[in-house]
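Results of the structural survey
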Amino acid sequence: MSLPRKLLALTTLIHLALGPFSAPAQAAPATFTHPGVLVSRTQLDFVRAKVQAGTQPWKQAYDAMMSSSYASLSRSPKPRAVVECGPYSNPNLGCTDERQDAIAAYSLSLAWYISRDAKYATKAIEIMDAWSAVVKDHTNSNAPLQSAWSASSWPRAAEIIKHTYPNWPNSGRFGTMLRNVYLPEVINGSHSNGNWELSMTEAAVGIAVFLDDKASYDKAVAKFRTRVPAYLYLTSDGALPRTAPGSGLDTRDKIVKYWQGQTTFVNGLSQETCRDFTHTGYGLAAIADFAETTRIQGQDLYPEIADRLREGLGFHAKYQMGAAVPSWLCGGSLKLGLGPITEVGYNHLHTRLGHTMSNTEALTLRQRPAGTNSLFVAWQTLTHADNPQ
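Below, the structure is looked at part by part. Here the residue numbers are simple positions, counted from 1 along each chain's written sequence. Totals for whole chains, interfaces and linings use all residues, but because this is a predicted model, local features are given only for residues with pLDDT of at least 70 and pairs of side-chain atoms are given and counted only at 80 or more. Hydrogens are left out, water is left out, and the side-chain values use all remaining heavy atoms of the structure.

A short note on the overall build of the protein
As a reminder, the rule being used: Strands are runs of DSSP state E lasting at least two residues, helices are runs of H or I lasting at least four, and both sets are numbered from the N terminus onward. Using C-alpha atoms as the atom set, the radius of gyration is obtained and then compared with a globule rule of 2.2 Å times the number of residues to the power 0.38. Under the scheme applied here, a residue whose accessible area is under 20% of the maximum for its type counts as buried, over 50% as exposed, and between as partly exposed, the area being computed with a 1.4 Å probe on protein chains only. The contact definition used throughout considers only heavy atoms, calling two residues in contact when any of these lie within 4.5 Å. Areas reported as accessible are Shrake-Rupley estimates using a 1.4 Å probe. Residue values count occlusion only from the protein chains shown. A positive count includes Lys and Arg, and a negative count includes Asp and Glu. His and the chain ends are not counted in either. To locate a charge, the coordinates of NZ of Lys, CZ of Arg, CG of Asp or CD of Glu are taken.
Broken down by element type, the protein carries 15 helices and 5 strands. Rg of the C-alpha trace for the protein: 21 Å, near the compact-globule value of 21 Å for 389 residues, within the 12% margin. Here the C-alpha coordinates of the protein stretch approximately 70 × 45 × 40 Å along the principal axes. In the protein, which comprises 389 residues, the proportion classed as buried is 56%. Long-range pairs, those at least 24 residues apart, make up 78% of the contacts in the protein with a sequence separation of at least 6. Carbon and sulfur atoms make up 52% of the accessible area of the protein, which amounts to about 14400 Å² in all. Between the averaged position of the 36 positive side-chain charges in the protein and that of its 31 negative side-chain charges there is a distance of 2 Å.

So, the nonpolar core
Nonpolar side chains tend to gather and get buried jointly when the protein is soluble and globular. Going by this rule: By nonpolar core we mean a set of buried residues, namely Ala, Val, Leu, Ile, Met, Phe, Trp, Tyr and Cys, connected to one another through side-chain atoms within 4.5 Å.
In terms of nonpolar packing, the biggest core is built from 117 residues, with Met 128, Trp 154, Tyr 182 and Leu 382 touching the most fellow members. Sorting elements by how many residues they give to this core places helix H4 (residues 95-115) first, with 12 residues. Setting aside residues up to four positions removed in sequence, Tyr 182 forms contacts with Glu 98, Trp 131, Val 135, His 138, Ser 147, Ser 150, Ala 151, Trp 154, Met 177 and Ile 207.

A word on the sheet that holds strand E4 (residues 92-93)
Sheet strands pair via backbone hydrogen bonds, and the direction of the pair is either parallel or antiparallel. Our working rule: Any two strands are treated as partners once DSSP identifies two or more bridges connecting them.
The strand order across the open sheet built from 3 strands is E4-E3-E5, with neighbouring strands paired in mixed fashion. Since the sheet does not close on itself, it has two edges, and those belong to E4 and strand E5 (137-139), each with one partner. Where strand E3 (residues 82-85) and E4 come together, 2 bridges link them in antiparallel fashion. Bridged to Cys 85 within E4 is Asn 92.

Some thoughts on the state of the cysteines
To keep things clear, this is the line we draw: A pair of sulfur atoms, both from cysteines and within 2.5 Å, is called a disulfide here.
With the rule as written, the count across this model stands at 2 disulfides. There is a disulfide in this structure between Cys 85 and Cys 95, and the S-S distance comes to 2.1 Å. Judged by the sign of its S-S torsion, about -125 degrees, the cystine formed by Cys 85 and Cys 95 is left-handed. A residue pair is termed long-range when its members are at least 10 positions apart, and Cys 85 in strand E3 and Cys 95 in helix H4 qualify at 10 residues. Each member of the pair, Cys 85 together with Cys 95, is buried. Sulfur-sulfur distance for the disulfide between Cys 274 and Cys 330 comes to 2.0 Å.

Some points on the packing of aromatic side chains
In this description, a pair of aromatic rings is defined by centroid distance and the angle of the planes. Basically, it comes down to this: In this analysis, rings of Phe, Tyr and Trp, with Trp reduced to its six-membered ring, are considered paired at centre separations within 6.5 Å, and the interplanar angle assigns stacked below 30 degrees, edge-to-face beyond 60, and tilted for intermediate values. By definition here, charges over rings are those cases where NZ of Lys or CZ of Arg is within 6 Å of the ring centre and within 35 degrees of the ring normal.
Within this structure, the stated rule accounts for 15 aromatic pairs. Their ring planes at 70 degrees and their centres at 6.4 Å tell us that Tyr 70 and Trp 379 sit as a pair that is edge-to-face. Note that Tyr 70 is positioned in the loop between helix H3 (58-66) and E3 and Trp 379 in the loop between helix H14 (358-367) and helix H15 (380-384), a separation of 309 residues in sequence. Considered together, Tyr 70 and Trp 379 belong to a single accessibility category, that of buried residues. Measuring from ring centre to ring centre gives 5.5 Å for Trp 168 and Phe 174, while their planes differ by 55 degrees; the resulting arrangement is tilted. Like Phe 174, Trp 168 is buried. Members of the aromatic cluster, connected to one another through ring pairs, are Trp 131, Trp 154, Trp 168, Phe 174 and Phe 210. Above the ring of Phe 210, the side-chain terminus of Lys 162 is found at 5.0 Å from the ring centroid.

Focus: unusual backbone geometry
Across the junction of His 34 and Pro 35, the peptide omega takes the value -15 degrees, indicating a cis bond. Along the polypeptide, Pro 35 turns up in the loop between helix H1 (3-18) and strand E1 (36-37). Look at the link from Asn 90 to Pro 91: it is a cis peptide, with omega at 10 degrees. If you trace the backbone, Pro 91 turns up in the loop between E3 and E4. Positive phi outside glycine occurs at Asn 140, with the angle close to 75 degrees. Assignment of secondary structure puts Asn 140 in the loop between E5 and helix H6 (143-164).

Some remarks on helix H9 (residues 214-227)
Going by this rule: To estimate how far a helix should extend, the number of its residues minus one is multiplied by 1.5 Å. In protein, a polar contact requires one atom able to donate a hydrogen and another able to accept it; more generally it is a pair of N or O atoms within 3.5 Å, and residues adjacent in sequence count only if both atoms are side-chain atoms.
For H9, spanning 14 residues, the distance from its first C-alpha to its last is 20 Å, which sits close to the expected 20 Å at 1.5 Å a residue. Along H9, the residues that are buried comprise Ser 216, Tyr 217, Ala 220, Val 221, Phe 224, Arg 225, Thr 226 and Arg 227. Elements in contact with the buried residues of H9: helix H7 (171-186), helix H8 (194-211), helix H10 (252-258), helix H11 (277-296) and helix H12 (302-320). Capping the start of H9, Asp 213 holds a side-chain oxygen 3.2 Å from the backbone nitrogen of Ala 215, two or three residues further along.

Here it is in structure tokens:
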């Protein structure tokens, strides 16, 4: 065996001997900040002032949201008692309706805050009340992911309405729905592809904030802190990517298979890069969204994941923008389609912290105003473009 191969074998053994990455516990805030899921009151005030002044890109982003079906005052919610979602939403029994109603509630809550027109708050409440009165369960294989996507949007809307609008009689019932229907589906995570668990933790932390639930907040944070290093690779990790606790990825072959057959690991590579950029985008978005919520809550997790997120965004933005794909990367072929997912991470790392991120900047500017992926990402140019708050 040659010396380089001996060194690789040795580092592999060390990696496996040390086991999966673990991180110290993170305590929930003594008092939760409201509204505080993805957007805070100071962030919303910044956006409102920009829109009212007609300043770009916020005014264009606001107009795009307001002209969408998600902000329509004529929208009729379509709740169901049982939402059944199979692989790739087949069957799709309420899956699309639920996700889109949740995004609509969030869109309408933003419209209410920025315009102060009570009709938008009333419509958001109508949608949330319709679902909280009816939904009881999610079934079939995609139930955890469906729950995660919908429950990433629901708390964003509920936080804004509950804490900025004076009249929501059924807010308690909505909280009961989040606790009993959605939280059990997402709180324990998943060992599927990483975007699943990252979206599940995003949903869990949002629910925890709305419910002032410190135990669920702590559990979500603990999972997040081990999952992010297992999703985005840095060369400082060693010869192989880190693994999440309980994953069962205890050999090099298993790790490589989980990383879609990729054997060359570089800064910013994702566990799903060689699957496709669309699912990778889900993971990147959930990472940034989660970190943004904890920052608002005074438990800033950005410092722990900043290098990974910066490298991950830049690496994928480069190829999304059209860079030639080297033969060592996913066999020289990539399935692009990153989605409107860069604004939150770019805003924190570039606007607030001052990092130069040329690839991510180019893609972010090209995609403005970022819309929605119709799953759980929505209107992030409006809420987070150049937002220092």
